[in-house]
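Results of the structural survey
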Amino acid sequence: MHITQDIAYIGVNDHDIDLFEGQYDVSENGMAYNSYVILDDSVAVMDTVDRNFTEQWLANLDAALDGRTPDYLVVHHMEPDHSSNIAVFAEKYPEARIVASPNAFKMMENYFGSGFVADRRMPVKEGAVLELGSHTLQFIGAPLVHWPEVMFSYDAKDKALFSADAFGKFGALDVDEDWACEARRYYFGIVGAFGAQVQKALGKVGGLDLDIICPLHGPVLSENLGYYLDLYNTWSSYGVESEGVAICYTSVYGHTKQAVEELARMLEEKGCPKVAVSDLARDDMAEAVEDAFRYGKVVLATTTYNNGIFPFMAQFIETLAEHKFQNRTIGLIEAGTWAPKAAKGMQDRLAACANIAYTNTTVTIKGSLDETSRAQLELLADELCGIESDPQLKVDAVTQPTAHVAPDPEPVPGVRVQER
Ligand SMILES: Cc1cc2nc3c(=O)[nH]c(=O)nc-3n(C[C@H](O)[C@H](O)[C@H](O)COP(=O)(O)O)c2cc1C
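Per chain, residues are indexed from 1 in the order of the written sequence. The predicted nature of this model means local features are confined to residues of pLDDT at least 70 and side-chain atom pairs, given and counted, to a pLDDT of 80 or more, with totals for whole chains, interfaces and linings taken over all residues. As a rule here, side-chain values come from all non-hydrogen atoms in the structure, and water together with hydrogens is ignored.

**Some details on the overall build of the protein**
Broken down by element type, the protein carries 13 helices and 21 strands. Relative to the globule expectation of 22 Å for 420 residues, the C-alpha radius of gyration of the protein, 27 Å, shows a markedly less compact shape. Across its three principal axes, the protein shows a C-alpha extent of roughly 105 × 50 × 35 Å. Each residue gets one of three labels from its accessible area relative to the maximum for its type: buried under 20%, exposed over 50%, partly exposed in between, using a 1.4 Å probe on protein chains only. A total of 420 residues make up the protein; the buried ones form 53% of that total. Where accessible areas are quoted, they stem from the Shrake-Rupley method and a 1.4 Å probe; at the residue level, only the protein chains shown are allowed to cover. Put simply, the protein shows about 19,100 Å² of open surface, and 49% of that area lies on carbon and sulfur atoms. One way to put it: in the protein the 32 positive side-chain charges average out to a point 6 Å from where the 63 negative ones average out. Here a strand is any run of E in DSSP of at least two residues, a helix any run of H or I of at least four, and the numbering for each starts at the N terminus. Throughout, radius of gyration means the C-alpha value; the globule benchmark is 2.2 Å times the number of residues raised to the power 0.38. Note that His is not counted, nor are the chain ends; the positive residues are Lys and Arg, and the negative ones are Asp and Glu. Charged groups are reduced to one reference atom each: NZ for lysine, CZ for arginine, CG for aspartic acid, CD for glutamic acid.

**Some points on the UniProt feature "domain: Flavodoxin-like" (unreviewed entry) in the protein**
UniProt positions are given in the numbering used here, feature names are shortened, and annotations may be inferred rather than shown by experiment. Under the local residue numbering, the UniProt record ascribes the feature "domain: Flavodoxin-like" (unreviewed entry) to residues 245–385. End C-alpha atoms of residues 245–385 are separated by 9 Å, and the span's content is 43% helix alongside 33% strand.

**Observations regarding the domain arrangement of the protein**
Often the size quoted for an interface is simply the accessible area lost on bringing the parts together. These domain limits were set by an automatic method or by a database of domain assignments. As assigned here, the protein comprises domain 1 (7–236) and domain 2 (242–398). Relative placement of domain 1 and domain 2: their C-alpha centres are 39 Å apart. Throughout, a residue-residue contact means that at least one pair of heavy atoms, one from each residue, lies within 4.5 Å. Contact with domain 1, which involves 10 residues of that partner, is made by 10 residues of domain 2. In short, buried area is how much 1.4 Å probe accessible area vanishes from two parts on joining, totalled over both. Between domain 1 and domain 2, roughly 870 Å² of surface is buried when both sides are summed, and carbon and sulfur atoms account for 57% of that area. Area buried by domain 1 at its contact with domain 2 is led by Arg-184, Arg-185 and Phe-188, which between them contribute 60% of it. Definition used for salt bridges: Asp or Glu carboxyl oxygen within 4 Å of a side-chain nitrogen of Lys or Arg. Our enumeration of links across domain 1 and domain 2 arrives at three salt bridges. Arg-185 is paired through a salt bridge with Asp-284; the nearest N and O atoms lie 2.9 Å apart. Between N or O atoms, a polar contact is any pair within 3.5 Å; within protein, one atom must be a potential hydrogen donor and the other a potential acceptor, and residues adjacent in sequence are included only when both atoms are from side chains. There are five residue pairs in polar contact (both at pLDDT 80 or more) connecting domain 1 and domain 2.

**Points about the sheet that holds strand E11 (residues 129–131)**
Strands were regarded as paired on the criterion that DSSP finds at least two bridges between them. Strand order across the open sheet formed by five strands is E11-E12-E13-E14-E15, with mixed pairing between neighbours. Edge positions in the sheet fall to E11 and strand E15 (212–214), since each has one partner strand and no second. Adjacent strand axes in the sheet meet at a mean angle of 20° when their direction is disregarded. Lines fitted to the C-alpha atoms define the axes, with helices restricted to the stretch that makes contact. Angles between their N-to-C directions range from 0 to 180 degrees. Seen against the sheet, helix H6 (residues 195–205) touches strand E12 (136–141), strand E13 (151–155) and strand E14 (160–162) and runs at an angle of roughly 150° to E12.

**Some remarks on the packing of helix H10 (residues 311–322) against helix H11 (residues 342–350)**
Look at H10 against H11: their axes get within 9 Å of each other, and the N-to-C directions meet at 25°. One element, H10, and the other, H11, form an angle in the roughly parallel class. Note on packing geometry: the crossing formed by H10 with H11 is right-handed. On H11, the residues touching Met-313, Ala-314 and Ile-317 of H10 are Met-346, Arg-349 and Leu-350. A breakdown of the residues in the contact of H10 with H11 according to their chemical character gives five nonpolar, no polar and one charged. Any angle between 65 and 115 degrees counts as roughly perpendicular, while under 35 counts as roughly parallel, over 145 as roughly antiparallel, and the rest as oblique. Handedness of each helix crossing follows the sense of rotation of the near helix against the far helix: counterclockwise by less than a right angle gives left-handed, clockwise gives right-handed. Amino acid classes used here: Ala, Val, Leu, Ile, Met, Phe, Trp, Tyr, Cys and Pro are nonpolar; Asp, Glu, Lys and Arg are charged; the rest, including Gly, are polar.

**Quick notes on the site of the ligand**
We call a residue near a molecule or strand whenever a single non-hydrogen atom of that residue lies within 4 Å of it. Ser-251, His-255, Thr-256, Thr-304 and Ala-339 are the nearest of the 17 residues found near the ligand. Within the side chain of Thr-256, a nitrogen or oxygen atom sits 2.6 Å from an oxygen atom of the ligand. Between an oxygen atom of the ligand and a main-chain N or O atom of Thr-304, the distance comes to 2.6 Å. Protein chains bury 87% of the 610 Å² of accessible surface belonging to the ligand in isolation. Going through the elements one at a time, helix H8 (255–269), strand E18 (295–305) and strand E20 (326–336) are the ones with two or more residues in the shell around the ligand. In terms of residue class, the shell around the ligand is built from seven nonpolar, 10 polar and no charged.

**Focus on the sheet that holds strand E7 (residues 43–46)**
One open sheet holds the six strands; their spatial order is E1-E6-E7-E8-E9-E10, and the pairing between them is mixed. This sheet does not close on itself; its edge strands, each paired only once, are strand E1 (7–9) and strand E10 (121–123). The average angle at which neighbouring strand axes cross in this sheet is 20°, direction not considered. Both E7 and strand E8 (residues 72–74) contribute to a ladder of three bridges, which runs parallel. Bridge pairing in E8 places Ala-44 opposite Tyr-72. Sitting on the sheet, helix H1 (residues 54–65) is in contact with E1, strand E6 (36–39) and E7, with an inclination near 15° to E6.

**What about the environment of Asp-230?**
The topology assignment puts Asp-230 in helix H7 (residues 225–236). Residues Asp-230 and Ile-86, spaced 144 residues apart in sequence, show a C-alpha to C-alpha distance of 33 Å.

**Topic: the nonpolar core**
Throughout, nonpolar core names a set of buried Ala, Val, Leu, Ile, Met, Phe, Trp, Tyr and Cys residues whose side chains join them through atoms within 4.5 Å. Judged by nonpolar contacts, the single largest core of 98 residues is most densely connected at Phe-20, Met-108, Phe-152, Leu-300 and Phe-316. For this core, the leading source of residues is helix H5 (residues 179–191), giving eight residues. Viewed by domain, this core spans two of them, domain 1 (7–236) and domain 2 (242–398), each represented by three or more residues. Met-266, Val-299, Ile-333 and Val-363 belong to the second-largest nonpolar core, a separate cluster that totals 22 residues.

This is how it looks when you write it as structure tokens:
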């Protein structure tokens, strides 16, 4: 498939994969491993593909070469889903030179043995160029987007940016689906922790005259590139992409779930533009992470669990913190039967996240929902929707001291309680 007159697509679709990078569920729509070839006076192949698709990729390459021989293999990223066939390529095309960052060559030795292609290496650094004829490749360092060795390359003739994993998405190319949802889940899962480095890379490409973005996963982007660049700028600066509330919860016996459902209904009734609800034990946690980054307000609802918080919520907050979750407003709903303390447990873990604001209202469910906790839910919904609450609601929401439970009655002399 030709992308431009001289740039051909030679990648493959993977519908056998269930978990990408060992954790992201792609069992429904698979993955694409993209590879390209620039056919000019010289021929440059841009990255290889996953080791499970060697034959198909070589056949695609062969067809695109149409009898020609590659002069270069340009390696943008060394993750095995792109680098696994470098050794196969090097053996099949012994004259071709390998172009990559110095760090990439170190990784090649780790994967393919010391001295690998030592006599055919072309290490390139920031700003280096490779003349192919009418096409000139300019190399742009993009370290930690998302591995240390990553680089982009820019072809001035076709105004094409080869962007490594940046601007990629989950999903094979023979599946027709919305780009943003699976690109957002992919970004926050895989690149999310490296926002500062993505910002730096965006700064380098911002001034380029771009017509095409050729990522290593997902479709080639060739229209309205500003939409994609703006999204990457929002995501990598940890900005709020959409107005709305993400509610992420856990519940064992349904009481916390009931509170979440009542809160979601209240938010919708009060005009909240979007309420995204995730059950952290049953839904895809990567989707919940995506929603937590997408919206500016997040409600975390969980049960007190052996004096701590429920494991899925602990894992979720840890994942958010690992991905540099920040700049958000958080509302907390805690459940407990005898000593609710999940709110503190969640806040202690969220202390690792920067610039987190908490709502004034925390909802405490002791056993099951009652008038007080329902009033707290209403207060929380008002606050999240920017609505001034009825003063009476604030009174109703005050947790009454626990009704004094009378001690067991003293045994009446002479009356024996039947021991079971
Ligand atoms: C294994 C287990 C441990 C719990 N530990 C506590 C606890 O330490 N303190 C407490 O107040 N409630 C504890 N609970 C009760 C829950 O916090 C919660 O009140 C109960 O599960 C009802 O909420 P749910 O219907 O949303 O699950 C525990 C529940 C379970 C299942």
